[in-house]
Amino acid sequence: MIEKILPSRVAVAEAFSDLPDAVLLPGEEELTRGFVAKRRKEFTTTRHCAHRALGSLGIAPVPVLKGERGAPIWPENTVGSLTHCTGYRAAAVAHRPDVLTVGIDAEENAPLPGDVHNSIALASEQRRERELRLEHPVIHWDRLLFSAKEAVYKAWFPLTHRWLGFEEADIELRLDGSFTAELLAPDLQPVPGAGMPAVPTVFYGRWMSGKGLLLTAIVVENTPGTRGLSGG
């Protein structure tokens, strides 16, 4: 499903329920210590999706462990992103020579609690949401905004290793299934010595709805002069 909003060079694996045959690799098991059964199944299926997506790139299954701020650690020269919500788990991965970073997110198509919405949405975003709701009331635009912000963070962090607050990305959602995220963080320079290019000032993403879900994706491709791109 999410492959519809990702370019073909990004490998995807997804599941709409927890898979009874999904298994964790050594090292991943330790990450589930203290998890309740439901959370463990969710984690296991999501990691299983990661193994499958890596396999699509010709990479043998390896443990996908956690790094700084819980971000997944991908094999050398690969980038990727994981997501899970009720009724959906997915992984998206790509070769680093092709893609600089990937961010995906999935949410239920349901309203956010009011206090959450007010804490994550800028005034400009709330104004645009009201306009979109009049055009297409079936979509819960507040939840879609939250999902887009999550995708932005997942694409941002591997490039900077810096936190990005909800208020540091101004997102414009569009009815055509696209969105832009203007980054408002004060420092958009690469981490010294990391060998990374300057961080884009704008991320371009895509979104879709279906099966009671809202999906968002951002891909920054490794193309000279590219500021940020998500395509399919």
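Described below are features of the structure shown in this document. Small disclaimer: the values here were computed from a predicted structure and weren't measured. (Residues numbered from 1 in each chain as written. Predicted model: local features only at pLDDT ≥ 70, side-chain atom pairs only at ≥ 80, totals over all residues. Heavy atoms only, no water.)

Looking now at the overall build of the chain. What the chain contains, in helices and strands, is 4 helices and 10 strands. In the chain, the order of α-helices and β-strands from amino to carboxyl end is β-α-β-β-β-β-β-α-α-α-β-β-β-β. A compact globule built from 232 residues would reach a C-alpha radius of gyration of about 17 Å, and the chain, at 17 Å, matches this within 12%. Dimensions of the chain, computed from the C-alpha atoms along their principal axes, are close to 50 × 40 × 30 Å. Counting only residues that meet the buried cut, the chain has 50% of its 232 residues in that class. Residue pairs at least 24 apart in sequence account for 61% of intrachain contacts in the chain once pairs closer than 6 positions are excluded. Carbon and sulfur atoms form 54% of the exposed surface of the chain, whose accessible area is close to 10,800 Å². For the chain, the separation between the mean place of its 25 positive charges and that of its 29 negative charges on side chains is 3 Å. (Helix = DSSP H or I, 4+ residues; strand = E, 2+ residues; numbered from the N terminus. Rg over C-alpha atoms; globule rule 2.2 N^0.38 Å. Buried < 20%, exposed > 50% of the residue type's maximum accessible area, 1.4 Å probe, protein only. Contact = heavy atoms within 4.5 Å. Areas by Shrake-Rupley, 256 points an atom, 1.4 Å probe, with all protein chains shown as cover. Lys, Arg positive; Asp, Glu negative; His and termini not counted. Charge placed at Lys NZ, Arg CZ, Asp CG, Glu CD.)

Let us now look at the layout of surface pockets. Computed from the structure, the largest pocket encloses a volume of approximately 900 Å³. Counting only elements with at least two residues in the lining of the largest pocket, the list comes to α1 (37–56), β3 (72–73), β4 (78–85), β6 (99–108) and α4 (141–160). Counting residues per element, the lining of the largest pocket draws most heavily on β4, at 7 residues. When its residues are assigned to classes, the lining of the largest pocket shows 17 nonpolar, 11 polar and 12 charged. (1 Å grid on protein atoms, 1.4 Å probe; cavity = no way out; pocket = protein on both sides within 12 Å on 5 of 7 lines; lining within 4 Å. Points joined across faces, edges and corners; volume = space filled by probe spheres on them. Nonpolar A, V, L, I, M, F, W, Y, C, P; charged D, E, K, R; others polar.)

A word on the sheet that holds strand β7 (residues 169–173). If you walk across this open sheet you meet the 5 strands as β6-β10-β9-β8-β7, and the pairing is antiparallel. Looking at strand neighbours, the two that pair on one side only are β6 and β7, the edges of this open sheet. In this sheet, neighbouring strand axes are inclined to one another by 20 degrees on average, regardless of whether the strands run parallel or antiparallel. Strands in contact with α4 are β6, β7, β8 (178–183), β9 (202–210) and β10 (213–221); relative to β6, the strand with the most contacts, it is inclined by about 155 degrees. (Pairing = 2+ DSSP bridges. Axes fitted to C-alpha atoms, helices over the stretch in contact; angles between N-to-C directions.)

Core analysis: the biggest nonpolar cluster contains 32 residues, and V152, W156, I171, L173, L183, F203 and I218 have the highest contact counts within it. Going through the elements one at a time, α4, β7, β8, β9 and β10 are the ones with two or more residues in this core. Looking at this core, the element that brings in the most residues is α4, giving 12 residues. (Core = buried A, V, L, I, M, F, W, Y, C linked by side-chain atoms within 4.5 Å.)

Strand order across the open sheet formed by 3 strands is β1-β5-β4, with antiparallel pairing between neighbours. Every interior strand has two partners, whereas the edge strands, β1 (11–15) and β4, have only one. On average, each strand axis in the sheet is tilted by 10 degrees relative to the strand beside it, whichever way the strands run. With 5 bridges connecting them, β1 and strand β5 (residues 88–95) associate as antiparallel partners.

Let's shift gears to the side chain of T45. Note that T45 resides in helix α1. Separated by 3.1 Å, the side chain of T45 and the backbone nitrogen of L19 make a polar contact. Apart from residues lying up to four places away in sequence, T45 is in contact with A15, S17, D18, L19, A22 and R89. (Polar contact = N/O pair within 3.5 Å; in protein donor to acceptor, adjacent residues only side chain to side chain.)

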